[in-house]
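Commentary on secondary and tertiary structure
Residue strings, one per chain:
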Amino acid sequence: MRALLRHGLPPEKRFKGYVVLGMIVLALTVGKHFNLVPGFLDELPQHLEKSSIDKLGDAGKQTYTELVPVDLMLDKVFYFIRDDLGFSYVTRFLSKALKGLINIFDNILRGGSKGFGLDKPPWMALMLLVLVLGYALRGWKLALLSAGTVLYFAVFGLWKFAMQTLALLAASVPISIIIGAILGILAYKRKSVEKVILPIVSVMQTLPHFAYLVPVVVFFGIGHQTGVIATIIFAVPPMVRLTLLGLQKVPPEITEAGRMAGCSTRQLLYRVQLPSARNEIMLGINQVIMQCLSMVVIAAFIGASGLGYRLLHKLQSLKIGQSVEIGIGIVLLAVVLDGLSRAWAEKLRDYTANQPFYIRYKYPLMIAGLVAAAILMSKYFPIVDKFPKDLTITYAKTWDAFVDWMVLNWTEGLTAFRYFLIVKMLTPLRDALLFMPYISVMILIGGLGLILGGLYSAALTCGFFIFIALAGWWDKAMITAYMVLFATFICIVIGVPLGIWSAMTRERTRKALFWCDTFQTFPSFIYILPVIMLFQVNDLSAIMAVIVYAIIPAVRYTVEGLKSIPPELHEAVSMAGCSPRQRLFQLQLPVALPHIMLGINQTIMFAFSMVVIAAFVGTIDLGQQIFKALSETNIGKGVTLGLCISFMALAVDHLVTRWARERRKLLGLD
Amino acid sequence: MSQPIIRCQNLYKVFGINAADLSVDDKGMVEPSILERTGVVAAVKNVTLEVMQGEILVVMGLSGSGKSTLVRCLSRLIESSSGSVEIEGKDLGSMSEKELIDLRRNKMGMVFQNFALLPHRTVLENIAFPLEMRGMKRAEYVERARKMIDLVGLEGKENNFPRELSGGQQQRVGIARSLAVEPDIWFLDEPFSALDPLIRKEMQDEFIRLQTLLRKTIVFITHDFDEALKLADRIAIMYHGSVEQIDKPGNIVLNPATDYVEKFTSDVPREKVLKVGSIMEAVTSDEDVAAKSVNVNDRINKIAEYVLGQNLAVPVVDDMENIVGVLHQNHVLKILFPDSE
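Considerations on the overall build of chain A
Regarding its fold elements, chain A presents 30 helices and zero strands. The C-alpha radius of gyration of chain A comes to 27 Å, within 12% of the 26 Å expected for a compact globule of 670 residues. Principal-axis analysis of the C-alpha atoms places the extent of chain A at approximately 85 × 70 × 60 Å. Out of the 670 residues belonging to chain A, those deemed buried represent 45%. For chain A, the proportion of contacts with a sequence separation of at least 24, taken over those separated by at least 6, is 78%.

Regarding the overall build of chain B
On a plain count of helices and strands, chain B comes out with 13 helices and 13 strands. In terms of overall dimensions, chain B has a C-alpha envelope of 65 × 60 × 35 Å along the principal axes. For chain B, with 341 residues in total, the buried portion stands at 41%. Of all intrachain contacts in chain B linking residues separated by at least 6 positions in sequence, the fraction that spans at least 24 positions is 67%.

A few points about the sheet that holds strand β11 (residues 294-295) of chain B
All names here are of chain B. Sheet architecture is open: three strands sit in the order β11-β12-β13, paired in mixed fashion. The open sheet has two edge strands with one neighbour each: β11 and β13 (323-327). With four bridges joining them, strand β12 (residues 314-317) and β13 adopt antiparallel strand pairing. Directly across from Val 316, in β13, lies its bridge partner Gly 325.

Looking at the confidence of the model for chain A
Averaged over chain A, the pLDDT score is 85; the fraction of residues at 70 or greater is 94%. The low-confidence segment residues 50-63 of chain A, where pLDDT is below 50, has eight contacts with residues more than four positions distant or belonging to other chains.

Things to note about the nonpolar core
Counting residues in hydrophobic clusters, the biggest one holds 188 residues, and the most contacted among them are Ile 528, Ala 545, Val 546, Ala 614, Cys 644 and Met 648 of chain A. Among residues more than four places away in sequence, those in contact with Ala 545 of chain A are Tyr 527, Ile 528, Val 531, Met 610, Ala 614 and Val 617 of chain A. In this structure, Tyr 12, Leu 188, Phe 225 and Ala 228 of chain B belong to the second largest nonpolar core, which totals 97 residues.

Focus on the interface of chain A and chain B
Chain A puts 17 residues into the contact, and the matching count from chain B is 19 residues. Of all the secondary structure elements, the ones that give two or more residues to the side of chain A that touches chain B are α13 (252-260) and α14 (265-276) of chain A. With six residues, the single largest contributor to the side of chain A that touches chain B is α13 of chain A. Class assignment for the residues of the side of chain A that touches chain B results in nine nonpolar, four polar and four charged.

Let's talk about the sheet that holds strand β6 (residues 108-111) of chain B
All names here are of chain B. The sheet built from six strands is open, its strands ordered β6-β7-β8-β3-β9-β10 with mixed pairing. Edge positions in the open sheet fall to β6 and β10 (242-247), since each of these has one partner strand only. Mean inter-strand twist for the sheet, computed between neighbouring axes without regard to direction, equals 15 degrees. Here four bridges tie β6 to strand β7 (residues 185-189), and the two strands are oriented parallel to one another. Each bridged residue has a counterpart across the sheet, and for Val 111 the counterpart in β7 is Leu 188.

Some details on the pairing of strand β4 (residues 82-87) of chain B
Residue and element names in this part refer to chain B. Alignment of strand β1 (residues 4-14) against β4, held across five bridges, turns out to be antiparallel. Each bridged residue has a counterpart across the sheet, and for Arg 7 the counterpart in β4 is Glu 86. Note that β4 and strand β5 (residues 90-91) share two bridges and pair antiparallel. Note that in β5 the partner of Glu 86 across the bridge is Asp 91. Counted along the chain from β4 to the antiparallel partner β5, the turn is two residues long, and its residue Glu 88 has a positive phi close to 50 degrees.

Description of the pairing of strand β3 (residues 56-60) of chain B
Residues and elements named next belong to chain B. Of all five residues that make up β3, five are buried, and the element is covered over most of its length. Side chains Ile 56, Val 58 and Met 60 of β3 all project onto a buried face; the interleaved residues Leu 57 and Val 59 project onto the opposite face, where all are buried too. Bridge analysis of β3 against strand β8 (residues 217-222) gives five bridges, and the strand direction is parallel. The partner of Leu 57 across the bridge, within β8, is Val 219.

What counts and what doesn't
- Residues numbered from 1 in each chain as written.
- Chains lettered and ligands numbered in written order.
- Predicted model: local features only at pLDDT ≥ 70, side-chain atom pairs only at ≥ 80, totals over all residues.
- Helix = DSSP H or I, 4+ residues; strand = E, 2+ residues; numbered from the N terminus.
- Rg over C-alpha atoms; globule rule 2.2 N^0.38 Å.
- Buried ≥ 20, exposed ≤ 12 C-beta atoms within 10 Å, placed from the backbone.
- Contact = placed C-beta atoms within 7 Å.
- Pairing = 2+ DSSP bridges.
- pLDDT = per-residue confidence, 0-100.
- Core = buried A, V, L, I, M, F, W, Y, C linked by C-beta atoms within 7 Å.
- Nonpolar A, V, L, I, M, F, W, Y, C, P; charged D, E, K, R; others polar.
- Axes fitted to C-alpha atoms, helices over the stretch in contact; angles between N-to-C directions.

Following this line, the structure appears as structure tokens:
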């Protein structure tokens, strides 16, 4: 008994444990059918929606029926901080400072430098800049892609919006990197700081994008600077994590070598440890840039202008064609930013001490020269300065026609497909989850925790769900859970076999990983676009968007897991005379399973975060409520809902990673 | 005899409990009951040793014997739990951070098992690193680093990065870096264990060459008994954190102090280890001796054929050609065939 409470069930007894647990849950659910489950174990008091209260006639007076009015409490805390503690002065100051910063970049990118007597920097200057930059960092491919992207913005008349987005990025990226690196270093230096920061970082990384927006809006109002603040908050956690990871991965011998060389603490950090952690830190910077872009797009919801705002605007008025053009622009921007930052990160330093100045700095000199030339030429050749309006093109009409054609020709098939999915699969699953007494869900979650990790895990996972129960969002949470479950299921069914197929040859593996990398750089909001194109706005589109987004890690981890099997094992299995089928089922899947499970875990995490964004195209779950909270700037509600989603994600994450880690240990993979 | 450069007394390192919790008796011994009660294992247990000026002390032990922990206590990379370490008569444990940094910048060098080269610096920059930390001018440290590169035979590799070098070359960089500050004390923590056997032998010879040139005071860690025999002036054998025996290689082979030490010595080809001096007899005046003498520092395998070819005892002389003893054939036979009656 004590062993169970401390470590969970030993692996050989697990199966029995799962069976017993399943039977209890089943018994409770069946019991409910025969009215054997007492009401207080079955239904939880729910958060009443304001509109339904209105209908009851208590307009204006809010009555909450949930057990603990978490959102009201949070409201009070936030308003206390803002108004009573005078935090608003701080936020006002921060707002001003950030506004100034954004203006600087905005002036440079759009306003033009008055000093040089330019209306705005010539578009060709930027194109030449990224052309040389891309070439210097990687080669012609990246150079052409980067220059092509700049050209795309010019040709499709998106210049202004792209520059706005770049200005926001320029303001938020450096700040995120600095804050993240400092926190990461502090966490490395002090165990106590690490213990505080890491859990916060975990919660922050699972909080859906929109959950950040609500409190930020309450504190900072609406506008660019708010977008930047939300972006920074969103982008800091991965930087913290990777900085810490990088520093922890520095071999102790290197640190010792530094100390034996007589480094002071400062020298040790700046000259030895940080440079040795370069790879992770560079990866962190890459992550920050991508997260920032993703968030800057979403920050359109709180009034940050740029490509995201434009896209949102066009989507809301259902101008699909124009939306697609903007979407492609955002995707291109993401790929280019990822490519450039990655190339920079992987760029190995060449030793140049013995080279003359003009060779050592040939690329910076080239860039400076070309940009100066472009600026000079822009005075005489207007085409260099400003892309002529009559040359801009748009394919919006073609896209629209394409969508119309699809609607016309495919509607029948799609409707049948939709009908099948909704009526035969989605609705039954949702109803089942909603029918289940809450106590059985709780037992299921807690039981899994107990089996896998003992009392601590059980308490942790149950605690997460108790929060949801007390806050009064149980049913909505179950709807979210059902969408995530269904999406995950589909992702596994499609993604894992796809991964297995991809891992079969080297060429396929390379391609699969390349596409996973590429798709992962797209800002999550972009995934909405093709789904709306195909399915219009409804609940099925939401789930489709989640699936498209969340399937990436399922494929990637499957490929990686299969690839990481040591070649000796393959040789041993070949010598044992395995058929390909036997190889797959006897060697590859069992050994790769822990890694694949981590991938599925990531899929679930992705699904949770996407569910909220997908709410944009119409769902009735927590995500939709978050949107509501955002539009009402209802801070407590927004944060509570965010936490509900984050906690469900964290509970799953805890269980899966625990299982996978143990399994890896058992297989001797660590 | 010269004075000890490193002296450590009743040194303990116990991971997991605070040094303050160790109660020490008047002889400097930690009461074993504390270790038993808390269930922690001492990585270094009551080690007392001295290293003389210009001496190579090899600390030999298998993995987990505490040898790496010991050398880190001697360089204060980790704090010892109890006991004292003195460097040139100064107590290491009571030094301030600044004094310690000073000591490392001027007096100590260390070579690591996995080379521990800074990946972002070239060969030259790695070697110059301790000098840079010291605040030396660029022109000066580049010149000094170049000298070090010549010393370890890496000419032409100055501008390479560590990742572009072979293991043996990397360790040459590690050695050059540790010698750049011209330290008096040189710690080597299994410097050749990560290398291939052939390269290892080459590096051992290189090490001997360097030491005849530089005469540093050396603590050399290894798990390889042959390496210890080859390089050591004295060997300290560690087992479970304690030093089982500390003595000259010949004495360890001839008179292993414990069963554990004997396990190592039993397979050692003694004629390659032992010197004439350790098996000769005192001269008796009336004895007839052979005409040609052997040196007291010769290894047995070198002179065996000559001695066994003689009918008479062979005189043994020191470096000044004074006769210090005689060697009989049966002495040599006993070493060559220790198991025969």
